[in-house]
Amino acid sequence: MAARVLVGVKRVIDYAVKIRVKPDNTGVVTDGVKHSMNPFCEIAVEEAVRLKEKKLVKEVVAVSCGPQQVQETIRTALAMGADRGIHVEVSGKDYDSLGPLQVSKILAALAKKEEASLIILGKQAIDDDCNQTGQMTAALLDWPQGTFASEVAVEGDKLKVIREVDGGLETIKINLPAVVTADLRLNTPRYATLPNIMKAKKKKITNVKPGDLGVDLTSRLEVLRVDEPPQRQAGVKVETVEDLVGKLKEAGRI
Amino acid sequence: IHTNLLVYTRRCFSAPVPRVTSHYTIYPRDKDPRWEGVDMERFADEADVVIVGGGPAGLSAAIRLKQLANQHEKELRVCVVEKASQIGAHTLSGACLEPTALNELFPDWKERGAPLNTQVTEDKFAILTEKYRIPVPILPGLPMNNHGNYIVRLGHFVRWLGEQAEELGVELYPGYAAAEVLFHEDGSVKGIATNDVGIAKDGSPKDVFERGMELHAKVTLFGEGCHGHLAKQLYKHFNLREGCEPQTYAIGLKEVGLDYTNPYLSPFREFQRWKHHPSIAPTLEGGSRIAYGARALNEGGFQSVPKLTFPGGTLIGCSPGFMNVPKIKGTHTAMKSGMLAAEAIFSKLTDESLQSETTGIYVPEYEQSLKNSWVWKELHAVRNIRPSFHNYFGLYGGMLYTGIFYWILRGKEPWTLKHCGMDSAQLKPAKECTPIEYPKPDGKISFDLLSSVALSGTNHEHDQPPHLTLKDDGVPVAQNLAIYDGPEQRFCPAGVYEFVPLESGEGMRLQINAQNCVHCKTCDIKDPSQNINWVVPEGSGGPAYNGM
């Protein structure tokens, strides 16, 4: 079946950390802040490793785009069972403006280069909540996509994907090669235990530059300003229904 | 005897005690039917030296070992395990760093980019009364004089030490807590085992359960910081505290001593109140609160240092406790203790004619060299200052004592004053004390507890047994609440302990919000019943301090 699976992993600010906007409003404070692998990417890695354990794929390759620190994230994926890693070096201003369009171009180029037949990504990242990379990657490759997957099953040379949608669960069958994005209920990721972290040190991580893949990182978006959400104003307690109606009238609501 | 009877009678006549603790250290798994058939084998690996704790002491020891190994062209595998998700994430301190130990470790620290950027230019020392401020002169030679020292963000300094250590070839493993000490058959220390993962809140195994791994070493260094949980076990096992005084502590918020007697006192709220003092508030006005944290510090000094070595291991850093209290500095002595341990161990390990009586190597030379070093001289010179304030002469008497015996005589007086005993034994019953009315936080300079805790970034995997274990689930209500009005609901700086009414009507129960814990260790120290036993949660849980 599929020889090679590509799994994208993103290094994001840990979900439990309190985010602070930089004093110059250009972004959020990231220096020294605790980061970890995007939770949906962990689920994606787990799914890929399970496919390998079921002998449905031969090799799992973990990919991350960013500066030196993303190597830690790739190592975690390796400790969870990925076979090797690819670090796409992006830093400085390019990293600040890195978004789904550039990442999907990178992933598409890598998929062709590595001859991958399946790409598994998290459905979205918890920092930008874009929920675009999987879809864009599929479009660039002209591959079918199974997004918000809560279950993935191999059926011959096709993939059965059960998707979590607003109306409930949708089951689709798509041809391989394909892109799948993982939703919360797809699986429970395993821990990266210490013996596996130690073994992961011996696994290979190759460094690649976006230019080598023929990808232009110029962003079509410019971030003008980042602000904290407005402070929630205190509510007003009223004693009677008449008071409530009075206040609503005062506020011009009725 | 009276309190034991109290617990007994309550047990006989009241409703069954609601179960709070589910940790396997209290309820062993070999007797637990839910664990039948679960594979408990652990993967084991060998290193030359294993260091528990990636703080100033642990990292200095690791660095020194590798420096010596490289110098003498010897191979040495040094592994550091650290419970925080990244090096420095559980580090909290003021801090004012005295660079003496750093100068010895890395004479070229400036070129290496150590984050020591702010030199102390001015020192002010004062006594604060309710409204006023009485300045006290700091003469050169007094321990509070900070000439030559640097204001640092200790978390960043520790992070930098970690980078230096990795460059030298030290294996750093943040996110993995040492949960258990391993012993050889001859009783010497064999190494440690890291925490298991995947145990549910009720203590049963989850699908993702995996055993921790064993790291064996010729010598294991324990640098867990103030009131380490493995150190606590080692004190008992090897009787290391025989002949020294109990350690006494403060909580850094900063700073409220933990030997207070009124159970109604809340260190967090005292800190909030302190910020409003007329001489403090103006410095804070207009600022915004961006971080919060808390940690216990050891204040016992010279009198409270235990035995430091035992077969197979040593204690370094704030865990045994080398803080110079009047200086309020312990980082430089912690680092030096790590370095001395490394030097003693390296000599022993490279000595080809070494005959060790035990499989785990015994290094008493470390203790000897520490006692011959400037660390010991320093601690000895200031040993009577804190006891003089707290026990004998009060505030002004203590200052007079310091002036005469320290400044003039440099601590050469022939006597050594004692501490009062354990901090946990100092609380008076609630009925003998007055409740303290604390002012409400104003949201600008003073704040409420929970929003502060959120800023520590602390978090734990919620589905795991609470790591704040109770030896007896009935004691919090029967003793702590009954006699001391539940001081744990006040001394915990993270709101972990709450007494809530029982769903079934009459009575209260203790609710443990383990996820909030910031790993400060105050509860383990101050619990008057000594019933709370802090053990390590799943690795990488805890605060996410950034350069604190």
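Residues numbered from 1 in each chain as written. Chains lettered and ligands numbered in written order. Predicted model: local features only at pLDDT ≥ 70, side-chain atom pairs only at ≥ 80, totals over all residues. Heavy atoms only, no water.

A tally of regular secondary structure across chain A gives seven helices and 11 strands. In terms of overall dimensions, chain A has a C-alpha envelope of 70 × 45 × 40 Å along the principal axes. For chain A, the proportion of its 254 residues judged to be buried stands at 47%. A fraction of 71% describes how many contacts in chain A between residues 6 or more apart in sequence connect residues 24 or more apart. Split by element, the accessible area of chain A, about 13800 Å² in all, is 50% carbon and sulfur. With 38 positive and 35 negative side-chain charges, chain A shows a spacing of 5 Å between the two charge centroids. (Helix = DSSP H or I, 4+ residues; strand = E, 2+ residues; numbered from the N terminus. Buried < 20%, exposed > 50% of the residue type's maximum accessible area, 1.4 Å probe, protein only. Contact = heavy atoms within 4.5 Å. Areas by Shrake-Rupley, 256 points an atom, 1.4 Å probe, with all protein chains shown as cover. Lys, Arg positive; Asp, Glu negative; His and termini not counted. Charge placed at Lys NZ, Arg CZ, Asp CG, Glu CD.)

All names here are of chain A. For strand β1 (residues 4–8), the tally of buried residues reaches four of five residues, placing the bulk of the element in the interior. Of the pairings in the sheet, the one linking β1 to strand β4 (residues 59–66) comprises five bridges and is parallel in character. When the bridges of β4 are listed, Arg4 appears paired with Glu59. Of the strand pairs in this sheet, β1 and strand β6 (residues 118–122) are connected by three bridges, and their pairing is parallel. Residue pairing in the sheet places Val5 in a bridge with Leu118 of β6. (Pairing = 2+ DSSP bridges.)

Residue and element names in this part refer to chain B. In contact at an axis separation of 7 Å, helix α2 (residues 56–71) and helix α8 (residues 331–350) are set at 35 degrees when each is read in the N-to-C sense. For α2 against α8, the interelement crossing comes out right-handed. Together, Pro56, Ala57, Ser60, Ala61, Arg64, Leu65, Leu68 and Ala69 of α2 and Thr331, Ala334, Met335, Ser337, Gly338, Met339, Ala342, Glu343, Ile345 and Phe346 of α8 make up the contact between the two elements. Tallied by class, the residues present in the contact of α2 with α8 amount to 12 nonpolar, four polar and two charged. (Axes fitted to C-alpha atoms, helices over the stretch in contact; angles between N-to-C directions. Left-handed = near helix turned anticlockwise from the far one by under 90°. Nonpolar A, V, L, I, M, F, W, Y, C, P; charged D, E, K, R; others polar.)

Moving on: the sheet that holds β6(A). All names here are of chain A. Across the sheet, which stays open at both edges, the nine strands sit in the order β9-β8-β7-β10-β6-β1-β4-β5-β11 with mixed pairing between neighbours. Looking at the sheet topology across the chains shown, the edges are occupied by β9 (168–175) and β11 (205–208). Ignoring which end each strand starts from, the neighbouring axes of this sheet average 30 degrees apart. Along the sheet face, helix α2 (residues 70–80) touches β4, β5 (84–89) and β11 and points at about 165 degrees away from the line of β5.

Turning to the UniProt feature "domain: Electron transfer flavoprotein alpha/beta-subunit N-terminal" (unreviewed entry) in chain A, a few remarks are in order. As recorded in UniProt, the feature "domain: Electron transfer flavoprotein alpha/beta-subunit N-terminal" (unreviewed entry) lies at residues 25–217 of chain A. In the segment residues 25–217 of chain A, helix accounts for 32% and strand for 30%; the C-alpha atoms at its two ends are 23 Å apart. (UniProt positions renumbered as here; feature names shortened; annotations may be inferred.)

Right, let's talk about the nonpolar core for a bit. All names here are of chain B. Of all hydrophobic cores here, the largest spans 116 residues; its most connected members are Phe222 and Tyr366. Those residues in contact with Tyr366 that sit more than four places away from it in its chain are Leu308, Thr309, Thr314, Leu315, Ile316, Phe322, Ser337, Leu340, Ala341 and Ala344. The next biggest cluster of nonpolar side chains, apart from the first, holds 36 residues, and it includes Ala177, Ile512, Cys517 and Cys523. (Core = buried A, V, L, I, M, F, W, Y, C linked by side-chain atoms within 4.5 Å.)

We now examine the side chain of B:Asp473. Residues and elements named next belong to chain B. Mapping Asp473 onto the fold places it in the loop between β21 (468–470) and α14 (475–484). Buried charge without a salt bridge: Asp473, with Arg19 as the nearest opposite-charge side chain at an N-O distance of 4.8 Å. A distance of 2.8 Å separates polar atoms of two side chains, one belonging to Asp473 and the other to Thr21. When sequence neighbours within four positions are dropped, the list of residues in contact with Asp473 reads Val17, Pro18, Arg19, Val20, Thr21 and Tyr27. (Salt bridge = Lys/Arg side-chain N within 4 Å of Asp/Glu carboxyl O. Polar contact = N/O pair within 3.5 Å; in protein donor to acceptor, adjacent residues only side chain to side chain.)

Next up on the list: the confidence of the model for chain B. All names here are of chain B. Confidence in the prediction for chain B averages 88 pLDDT; 95% of positions are at 70 or higher. Across residues 1–13, where pLDDT falls below 50, the model places nine contacts with residues more than four positions away in sequence or in other chains. Here the predicted complex scores 0.89 on pTM and 0.83 on ipTM. (pLDDT = per-residue confidence, 0-100.)

Tracing the backbone shows B:Thr220 in strand β15 (residues 219–222). Not counting chain neighbours up to four residues away, the residues in contact with B:Thr220 comprise B:Val50, B:Val52, B:Val189, B:Lys190, B:Gly191, B:Ile192, B:Gly312, B:Gly313 and B:Thr314.

With that settled, the discussion passes to the interface of chain B and chain A. Listed per partner, the contact involves 27 residues of chain B and 21 residues of chain A. At the boundary of chain B with chain A, total buried surface from both sides reaches about 2100 Å², with 60% on carbon and sulfur atoms. Where chain B packs against chain A, one counts zero salt bridges. Where chain B meets chain A, there are six residue pairs in polar contact (both at pLDDT 80 or more). Of all the secondary-structure elements, those providing two or more residues to the side of chain B that touches chain A are β12 (197–199), β13 (205–210) and α13 (449–455) of chain B. If one sorts the elements of the side of chain B that touches chain A by residue count, β13(B) sits on top with three residues. Considered class by class, the residues forming the side of chain B that touches chain A number 12 nonpolar, eight polar and seven charged. (Buried area = accessible area lost by both parts, 1.4 Å probe.)

The subject of this paragraph is the environment of B:Leu349. Residues and elements named next belong to chain B. Among the structural elements, Leu349 can be located in helix α8. On a C-alpha basis, the gap between Leu349 and Lys218 in space is 8.2 Å, while along the polypeptide they are 131 residues apart. Residues within four places of Leu349 in sequence aside, it is in contact with Val49, Leu76, Lys218 and Ile361.

Let us now look at helix α4 (residues 100–114) of chain A. Residues and elements named next belong to chain A. When the terminal C-alpha atoms of α4 are compared, their 20 Å separation across 15 residues agrees well with the 21 Å that a helix rising 1.5 Å per residue should span. Within α4, 11 of the 15 residues are buried, which leaves it mostly tucked inside the rest of the structure. Burial in α4 covers these residues: Pro100, Gln102, Val103, Ser104, Ile106, Leu107, Ala108, Ala109, Leu110, Ala111 and Glu114. Contacts from the buried residues of α4 go to β1, β4, β5, β6 and α5 (133–141). Glu115 occupies a position one or two residues after α4 and carries a positive phi of about 55 degrees. (Expected span 1.5 Å × (residues − 1).)

We now examine the packing of aromatic side chains. Residues and elements named next belong to chain B. Inspection of the entire model under this criterion finds 10 aromatic pairs over all chains. The interplanar angle of 55 degrees and the centroid separation of 6.2 Å between the aromatic rings of Phe183 and Phe238 together place this pair among those described as tilted. With Phe183 in strand β10 (residues 178–183) and Phe238 in helix α5 (residues 229–238), this pair connects stretches of sequence that are 55 residues apart. When the centroid spacing of 6.0 Å and the interplanar angle of 15 degrees are considered together, the rings of Phe271 and Trp274 count as stacked. (Phe/Tyr/Trp six-rings, centres within 6.5 Å; stacked < 30°, edge-to-face > 60°.)

The next thing to look at is the sheet that holds β10(B). Residues and elements named next belong to chain B. Strand order in the open sheet formed by four strands is β1-β14-β11-β10, and the pairing between neighbours is mixed. The sheet is open, and its two borders are formed by β1 (44–46) and β10, each paired with just one other strand. Put simply, the sheet's adjacent strands are angled 25 degrees from each other on average, direction ignored. For β1 and strand β14 (residues 214–216), the ladder comprises three bridges, and the chain directions are parallel. Bridge assignment links Asp45 to a residue of β14, and that residue is Leu215. Against the sheet, α5 makes contact with β10 and β11 (189–194), and its axis sits at roughly 25 degrees relative to β10, the strand it touches most.

What follows deals with the state of the cysteines. All names here are of chain B. Taken as a whole and assessed by the stated rule, the structure comprises zero disulfides over all chains. Residue Cys244 stays outside any disulfide, its sulfur separated by 14 Å from that of Cys226, the closest cysteine. For Cys244, a relative accessible area of 17% gives the class buried. With no disulfide of its own, Cys492 lies 6.0 Å from the sulfur of Cys520, the closest cysteine sulfur. We classify Cys492 as buried; its relative accessible area is 10%. (Disulfide = S-S within 2.5 Å.)

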